[in-house]
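Geometric and topological summary
Listed below are the residues making up each chain.
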Amino acid sequence: MNSDAVLLLETVNFAAEKHRNQRRKDPEATPYINHPIGVARILSHEGGVTDIEVLQAAVLHDTVEDTDTSLAELEAAFGPIVARIVEEVTDDKRLPKQERKRQQVEHAPLCSGQAKLVKLADKLYNLRDLIRSTPAGWTAERVQEYFVWAREVVRGLKGTNPALEEKLEELFRQRGVQL
Ligand SMILES: Nc1nc2c(ncn2[C@@H]2O[C@H](COP(=O)(O)OP(=O)(O)O)[C@@H](OP(=O)(O)OP(=O)(O)O)[C@H]2O)c(=O)[nH]1
Ligand SMILES: [Mn+2]
């Protein structure tokens, strides 16, 4: 087996252990790990991304934000580049939600190309998930607001990956939310 495959399995195993007690917000309470694996899979399968550090960062992208994982821990296990990409896509959960959402819009265009790829795939996965099933307790208005906000973030990620951007544009079009 080649070393990239070994590395990616180590990364998936690390994320699975970190997210082991977490579930998604859909009514079926899907295991959370389906999301980061799906984000990495969008990058490779739909975005044609082969950069192993981007794929690893995609698998790990919610570990610091949503589990007890530290950036130092990621750096020790996977190196500084992977840790830096995850840092770029991590919201500061100490801030109020509205401020966090505003900062994503503001910071998106300042991200590295590697972090922009992870952000595009994360939004594409989450928007598809919203279309597939509504999270417990979400109104139709809240779903629509998420689309409107996601469009603002995706605007700042343009020029990164045409295939992923076209798929996002199509979802926004279907929702009557123009990019
Ligand atoms: N669509 C959907 N999202 C779910 C589900 N379960 C968990 N999530 C997560 O919820 C986040 C979006 O919900 P919000 O209420 O807007 O944000 P919050 O969790 O940060 O408060 C996403 O976080 P994120 O990945 O960090 O991305 P981002 O939206 O913060 O950029 C998404 O991954 C689900 O069943 N469907
Ligand atoms: Mn995510």
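No experiment lies behind these values; they were computed from the predicted model shown.

Ideal coordination angles are 109.5 degrees for a metal with four donors arranged tetrahedrally and 90 or 180 degrees for a metal with six donors arranged octahedrally. Binding of the manganese ion (ligand 2) to the protein goes through His35 (NE2), His61 (NE2), Asp62 (OD) and Asp122 (OD), at separations of 2.2 to 2.4 Å. Read N to C, the donor residues that coordinate the manganese ion (ligand 2) are spaced as H-x25-H-D-x59-D. On the criterion of sequence distance, the pair formed by Asp62 in the loop between α3 (52-60) and α4 (63-66) and Asp122 in helix α8 (residues 113-132) is long-range, its members being 60 residues apart. Grouping residues by exposure puts Asp62 and Asp122 together as buried.

What follows covers the packing of α3 against α8. The geometry of α3 relative to α8 is characterised by a closest axis approach of 10 Å and an angle of 45 degrees between their N-to-C directions. The angle between the axes of α3 and α8 places the two elements in the oblique class. For the crossing formed where α3 meets α8, the hand is right-handed. Listed contacts from α8 to Glu53, Val54, Ala57 and Ala58 of α3 are Gln114, Leu117 and Val118. The residue inventory of the contact of α3 with α8, partitioned by class, reads 5 nonpolar, 1 polar and 1 charged.

This brings us to the nonpolar core. Counting residues in hydrophobic clusters, the biggest one holds 47 residues, and the most contacted among them are Leu43, Leu60, Leu74, Val118, Leu127 and Phe172. Of all elements in the fold, only α1 (3-18), α2 (34-46), α3, α5 (71-78), α6 (80-88), α8, α9 (140-155) and α10 (162-174) reach the threshold of two or more residues within this core. Take this core: its biggest share by element is 9 residues, from α8. Setting aside its immediate chain neighbours within four residues, Leu127 contacts Tyr146, Phe147, Ala150, Leu168, Leu171 and Phe172.

Before going further, it helps to spend a moment on the packing of aromatic side chains. What the rule picks out here adds up to 4 aromatic pairs. With a centroid separation of 5.2 Å and an interplanar angle of 65 degrees, the aromatic rings of Tyr146 and Trp149 are classed as edge-to-face. With Tyr146 and Trp149 both in helix α9 and 3 residues apart, this pair spans about one turn of that helix. Residues Tyr146 and Trp149 agree in their burial class; the two are buried. A ring pair is formed by Phe147 and Phe172, whose centres lie 6.5 Å apart and whose planes are at 90 degrees; its orientation type is edge-to-face. On the criterion of sequence distance, the pair formed by Phe147 in helix α9 and Phe172 in helix α10 is long-range, its members being 25 residues apart. Taken together, Trp138, Tyr146 and Trp149 form an aromatic cluster joined through their ring pairs. In this structure, Lys101 packs its charged tip against the face of Trp149, placed 3.8 Å from the ring centre.

Glancing now at the site of ligand 1. Close to ligand 1 lie 21 residues, the nearest being Lys25, Lys97, Lys123, Arg142 and Tyr146. Measuring from a nitrogen atom of ligand 1, one finds a backbone N or O atom of Lys25 at 2.7 Å. The contact in question runs from an oxygen atom of ligand 1 to an N or O atom on the side chain of Tyr146, over 2.4 Å. When ligand 1 sits alone it has 670 Å² of accessible area, and the protein chains cover 92% of it. For ligand 1, the cavity whose grid points lie within 2 Å of the majority of its atoms is the largest pocket. Contributions of two or more residues to the shell around ligand 1 are made by α7 (97-107), α8 and α9. The leading source of residues in the shell around ligand 1 is α8, at 5 residues. Broken down by class, the residue content of the shell around ligand 1 amounts to 6 nonpolar, 3 polar and 12 charged.

Cut-offs used in this document
Residues numbered from 1 in each chain as written. Chains lettered and ligands numbered in written order. Predicted model: local features only at pLDDT ≥ 70, side-chain atom pairs only at ≥ 80, totals over all residues. Heavy atoms only, no water. Donors = N, O, S within 2.8 Å, 3.2 Å for Na, K, Ca; no water. Helix = DSSP H or I, 4+ residues; strand = E, 2+ residues; numbered from the N terminus. Buried < 20%, exposed > 50% of the residue type's maximum accessible area, 1.4 Å probe, protein only. Axes fitted to C-alpha atoms, helices over the stretch in contact; angles between N-to-C directions. Parallel < 35°, antiparallel > 145°, perpendicular 65-115°, else oblique. Left-handed = near helix turned anticlockwise from the far one by under 90°. Contact = heavy atoms within 4.5 Å. Nonpolar A, V, L, I, M, F, W, Y, C, P; charged D, E, K, R; others polar. Core = buried A, V, L, I, M, F, W, Y, C linked by side-chain atoms within 4.5 Å. Phe/Tyr/Trp six-rings, centres within 6.5 Å; stacked < 30°, edge-to-face > 60°. Lys NZ or Arg CZ within 6 Å of the ring centre and 35° of its normal. Near = heavy atom within 4 Å. Polar contact = N/O pair within 3.5 Å; in protein donor to acceptor, adjacent residues only side chain to side chain. Areas by Shrake-Rupley, 256 points an atom, 1.4 Å probe, with all protein chains shown as cover. 1 Å grid on protein atoms, 1.4 Å probe; cavity = no way out; pocket = protein on both sides within 12 Å on 5 of 7 lines; lining within 4 Å. Sits in = over half its atoms within 2 Å of the grid points.

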